[in-house]
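# Breakdown of the fold
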Amino acid sequence: MKKLLLSAALALALLLAPALGDSARAERRVALVVGNSAYQNVAALPNPARDAHAMEDRFKEVGFEVVNAYYDLGNLEFKRAIRKFEDESVDADIVVIYYAGHGIEIRGTNYMIPVDARLANDRDAEDEAIKLDRLTEAVEGARRLGLVILDACRDNPFSRTMKRSRQASLRAVATGLNIVEPTSQNTLIAYAAKAGTAAEDGSGEHSPFTSALLKHLFVPGLELRLAFGRVRDDVLEKTRKRQEPYVAGSLGGAFISLVPPPAQPTLAKASSSQVRSGELIDYELVEKIGRKEAWELFLKQHPTGFYSDLARQQLSKLAALETPAEPSVTRKPERPGESEVAALDVNKRPAPPEPVSEEQRAWDRIKDSSSASAFREFIKKYPNSVLANTAESRLEALEQAARERDEQAAQAAWDKIKDSGDRAAVRDFIKRHPASPLLGTAQARLDALEEQAVQAAWDKIKDSGDRAAVRDFMKRYPSSPLMATAQARLDALEEQAAQAAIQEAWNRIKSSTNPLTFRDFIKRYPSSQLAEAAQSRLEELERAAREREEQTAWNKIKDSGNPALLRDFIKRYPSSTLAGTAQSRVEAIETAAREREEKARAEAARQQAEREAKAAEAARAQQEAAARAAREKTEREEAQRKAEEERRVKAAEQAAREKAERERAETERLAKLSEMERQKAEREAAQQKAEEERRARAAEAAERQKAEREAALKRAEQERQAKLETANRAKQLDSVCKHEEDLLASLRAAGGQGWAKEDLKRLERDLGCERLRPMVTAALEKASTEPAPKPPVAAVEPPKPAVNTPEQVRAAQQQLARLGCYAGAVDGDLGPATRIAITRYQAQRGGRGGQTDIGDAFLDELKDHASRVCPLICPAGKVAEGETCVAARKPEPVTKQRAKTDDEEERTSRQKAKIEEEDRARRQKARIEEEDRARRQKAKVDEEERPRRKQEASRPERQERQERQERPERRPVERVSRPEPRVRQEAAAPRPSYGGGGGGGGGRPMIGVGF
């Protein structure tokens, strides 16, 4: 098939652009968008959700591959979203994170706040908020650019409501965010406002910062640093310099834009799927000719495709020229075999085609019209028409005239209202003329009028006492600079109203005799200064009521002879003055009853003494027999012990002789091996010396790095321990305060009793919570003035000693940790970890275990130990060294020896293998004999000890109780018995190999016996 303009294409082939190569790999761009508006514990933010939706749509429009968008995230969902995004952003060129919502800075650390955060205390931020470092780490893996955009510097309500902990009283909780520089390269952090300043949420659809981002950040081909510069200028202008964005971080010299520049409409960039190479060559040639006939011939050869559409556009442009077209001529071939090709007269100008009748009729209908929509409709309906260019010209003229009219109307409207103070008129102007150049001036004028109106409204109410007016002002102008002043004024008015209400309530009840009114007053106003007066009045009324009640009860029983009624009166009214009289009556009645009972008991005691004298005589005979048996048993045990000691000495001497024999054999074997190794050592001395020097240098560098790492870890551990100790001290102080407060309440209730006074004095001396000292002093003074009632005669059972209290458990955890038996947190919780530690301690002390109650006696026992009781257990990969666990040393790498090929080295190897095989056989035999000897020895000792244990277990209980009474100390003393042989089994570690490869029994455990 003949090709159009084939010869011309061949002639111009060398002039064409280079063929298309493989296109560069497209950049992979990913984005994470988070918008938090619906906060659950503070007021919601209207704009972050809308801002995030707009940013999500814009990221998708500009071709980001991954756009993960989340709204109103809680703490857990926020962390999961970041983790998922990290997985999806692997190997990305550009990684962007956009966050809109509340942010807060605590002591130099920035936090993004989830919607479910409470932040009742500044320490809660660690658990309930997301650190900025978590976001910067998620973008650090980007190839070209990691970008974090934070529209989170809004005025934060958490910073005003959260409490400061005592341990962090100097910790700054600031409004806005702190400027933190990223540590990784090619990473930027864009803040909505500078450090320590708040960003505005805005009154429009989007915040000022996000509006500027949507306008400038996504301009195709706009360099990123220039884009953020335009964002800064835009925000400064909109907020009248109240808010200035800031970008932290630095980039290299490479050109980086968030959206790549648009592709150039060059023919060389057409994809191979759209056009064939011949079509491209024909198009470029016809484009150089530029004649209508050439384009028509091109369309005949290529009626469809990418370049056919471009050719039709070129024909439409040429159709506007009305020069008649010249016919084409056919050039005869000049050489045999050459094909005939079409030739064009390049000096002839083409004539545009005549429009069809339908286009002409449509044009005649609108050509004299002044409607821009009619011309747009015509261009849309006939885009390839000859008259489309004329319609576009007419349309541009009409649009220009409309713009001029709008500008004139806007100028006239502005001249009319610019000097007035009508804010509604200015707002209407902005709404009606959004594209006017006067929009900035109008907005500035509106802002000034708004500020004047706000100031006038405040001047009107600032000196009044109307709280509703102040609240209405704060509701109408939430973003006004006068918000803080209004809040302070409202707080002062609220305080005045509260004090007036308290005084009015006191005036109503101060003359009342009903205790309920005073209790209700104290409950409603506990922190009021009048609460103390109400408490005093309440105590007077209650004291009078108690006295009346006591007198009535005494009148009912004073003539009664029933001691039960009198005791019940004393029990109900222990602090009453009549309790002494009742006690005297009870004592008289009980004295008479005791005299009668003593006579009966004396007779019974005489009979019992006779019976016990007979039993004592029989017991003495039995004890003498038991003493004789014990002496005989002791003599037998002493003889057995001496025989056992002699046997052990003989066994030790035999073991020493065997060890000396093994060492002599080992010395002979090493002497034989040393001669063979000497020659080898001389040949490798030089090489080994160089290797040792290199290894020494590497080891020195490794040791230096290790020392630096250990120093850093030690510093980090010290800081962590300091924080943990501070938290523990605070927790312990709170527990001590609660315990001492409960004790003070019980002592107050006891009144002026003597034991209560002594306990109050002891509490004042040993007080650990200083805020309770005034209350303790007051209670002690009050108890000293009250008369001490006589204690009842009836014996009161002493209180049982407290066990397993949080203070006792915490003290036991500290002592067990000191003894090496406990490694958990000291939190006062008797959980599984604490019980396991107690069991370990009892097992090491020879106890049976199972008893995990913690009392004062158990604590005293723990404190008596001055050193570690439980053995140090190290994790995998570490070994015990003193009282600490250190990393296990790796075996030195063995330098590979060169292969020996001569006969001498071969003989040496055989001799060495033979010696090692004999040595392994001898060691294995000795080990087996030692194991058998240990088993026999253990069985013999157990057989000898069994009768003694059985006899000790069957000893009478009375003798055991008598021995406990004769001991000088209350704490049980451990019984020291004859030491038993201990069997040490090293089953965890494989038997060391003493030779080269081969040899059986390498993995069997070694069992040894020690005395």
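As shown above, the structure is provided for reference.
Residues numbered from 1 in each chain as written. Predicted model: local features only at pLDDT ≥ 70, side-chain atom pairs only at ≥ 80, totals over all residues. Heavy atoms only, no water.

### Here we look at the sheet that holds strand S10 (residues 246-249)
Neighbouring strands of a sheet are bound in pairs by backbone hydrogen bonds; such pairs are parallel or else antiparallel. Rules: The pairing criterion for strands is at least two bridges between them, as found by DSSP. A run of H or I in DSSP counts as a helix once it spans at least four residues, and a run of E counts as a strand once it spans at least two, with each numbered from the N terminus. Lines are fitted to the C-alpha atoms to define the axes, a helix being fitted only along its stretch in contact, and any angle between axes, read from their N-to-C directions, falls within 0 to 180 degrees. Note on contacts: a residue pair qualifies if any of its non-hydrogen atoms lie within 4.5 Å across the two residues.
Across the sheet, six strands lie side by side as S2-S1-S3-S7-S9-S10; this open sheet has mixed pairing. Edge positions in the sheet fall to strand S2 (66-71) and S10, since each of these pairs with one other strand and no more. Strand-to-strand twist across the sheet, computed as the mean angle between neighbouring axes with direction ignored, equals 10°. Bridge analysis of strand S1 (residues 29-35) against strand S3 (residues 94-100) gives seven bridges, and the strand direction is parallel. When the bridges of S3 are listed, Ala31 appears paired with Val96. The sheet strands contacting helix H2 (residues 47-61) are S1, S2, S3 and strand S7 (145-151), and the helix crosses S2 at an angle near 170°.

### What to know about the state of the cysteines
For the record, the criterion: In plain terms, two cysteine sulfur atoms within 2.5 Å form what is called a disulfide here.
Enumeration over the complete set of coordinates arrives at two disulfides. Across the disulfide, Cys737 is cross-linked to Cys769 (sulfur-sulfur distance 2.0 Å). Measuring the twist about the S-S bond at about 95°, one finds the Cys737-Cys769 disulfide to be right-handed. Taken together, the residues span a long stretch of sequence, with Cys737 in helix H23 (residues 685-750) and Cys769 in the loop between helix H24 (754-765) and helix H25 (773-785) at a distance of 32 residues.

### Focus: the pattern of salt bridges
The condition that has to hold: Any carboxyl oxygen of Asp or Glu within 4 Å of a side-chain nitrogen of Lys or Arg constitutes a salt bridge here. Exposure categories follow from relative accessible area, calculated using a 1.4 Å probe and restricted to protein chains: below 20% of the type maximum is buried, above 50% is exposed, and the middle band is partly exposed.
Inspection of every chain in the model, using the stated rule, returns 56 salt bridges. Between Arg242 and Glu451 there is a salt bridge, with the nearest N and O atoms lying 3.9 Å from each other. Of this pair, Arg242 sits in the loop between helix H8 (224-238) and S10 while Glu451 is found in helix H16 (residues 439-461), placing the two residues 209 residues apart along the sequence. Accessibility expressed as a relative area gives 43% for Arg242, which makes it partly exposed. Residue classification places Glu451 among the partly exposed positions, given a relative accessible area of 44%. The shortest N-O distance in the salt bridge between Arg664 and Glu661 comes to 2.3 Å. Of this pair, Arg664 and Glu661 both sit in helix H22 (residues 578-683), three residues apart, which is roughly one turn of the helix. Residue Glu661 is classed as partly exposed on the basis of its relative accessible area of 42%.

### Considerations on unusual backbone geometry
If you check the backbone angles, Asp72 has positive phi at about 55° while not being a glycine. Relative to the elements of secondary structure, Asp72 occurs in the loop between S2 and helix H3 (75-88). For Asp72, a relative accessible area of 32% gives the class partly exposed.

### Thoughts on H23
For an α-helix, the turn length of 3.6 residues means that residues three or four places apart are oriented alike. As a reminder of what qualifies: Multiply 1.5 Å by the residue count of a helix minus one, and that product is the helix's expected span.
When the terminal C-alpha atoms of H23 are compared, their 91 Å separation across 66 residues agrees well with the 98 Å that a helix rising 1.5 Å per residue should span. Here H23 has its buried residues at Ala730, Ser735, Cys737, Glu740, Leu744, Leu747 and Ala750.

### A look at the pairing of S1
Here is the key point about a regular strand: its side chains alternate between the two faces of the sheet. So the rule is basically this: A clockwise course of the path from the first strand over the helix to the second, judged with the strands pointing away from the viewer, identifies a crossover as right-handed.
The buried count for S1 comes to seven of seven residues, which makes it a mostly enclosed element. Side-chain alternation along S1 places Arg29, Ala31, Val33 and Gly35 on one buried face and Val30, Leu32 and Val34 on a second face that is also buried. One ladder, built from six bridges, connects S1 with S2; its direction is parallel. Each bridged residue has a counterpart across the sheet, and for Leu32 the counterpart in S2 is Asn68. Crossover connection from S1 via H2 to parallel S2: handedness right-handed.

### Let's talk about the packing of aromatic side chains
How we decide: Working definition: a ring pair exists when centres of Phe, Tyr or Trp rings (six-membered ring for Trp) sit within 6.5 Å. Plane angles under 30 degrees give stacked, over 60 give edge-to-face, the rest tilted.
One pass over the structure, following the stated rule, counts 19 aromatic pairs. Ring pairs connect the aromatic residues Tyr283, Trp295, Phe298 and Tyr307, which therefore count as one cluster.

### Re the environment of Gln808
Test applied: Under the rule applied, a polar contact is a pair of N or O atoms within 3.5 Å (in protein, one hydrogen donor and one hydrogen acceptor; residues adjacent in sequence only if both atoms are side-chain atoms).
Following the sequence through the fold, Gln808 ends up in helix H26 (residues 806-818). Taking the C-alpha atoms as reference points, Gln808 and Asp856, 48 residues apart in sequence, are found 7.5 Å from one another. Side-chain polar atoms of Gln808 contact the side chain of Asp856, separated by 3.1 Å.

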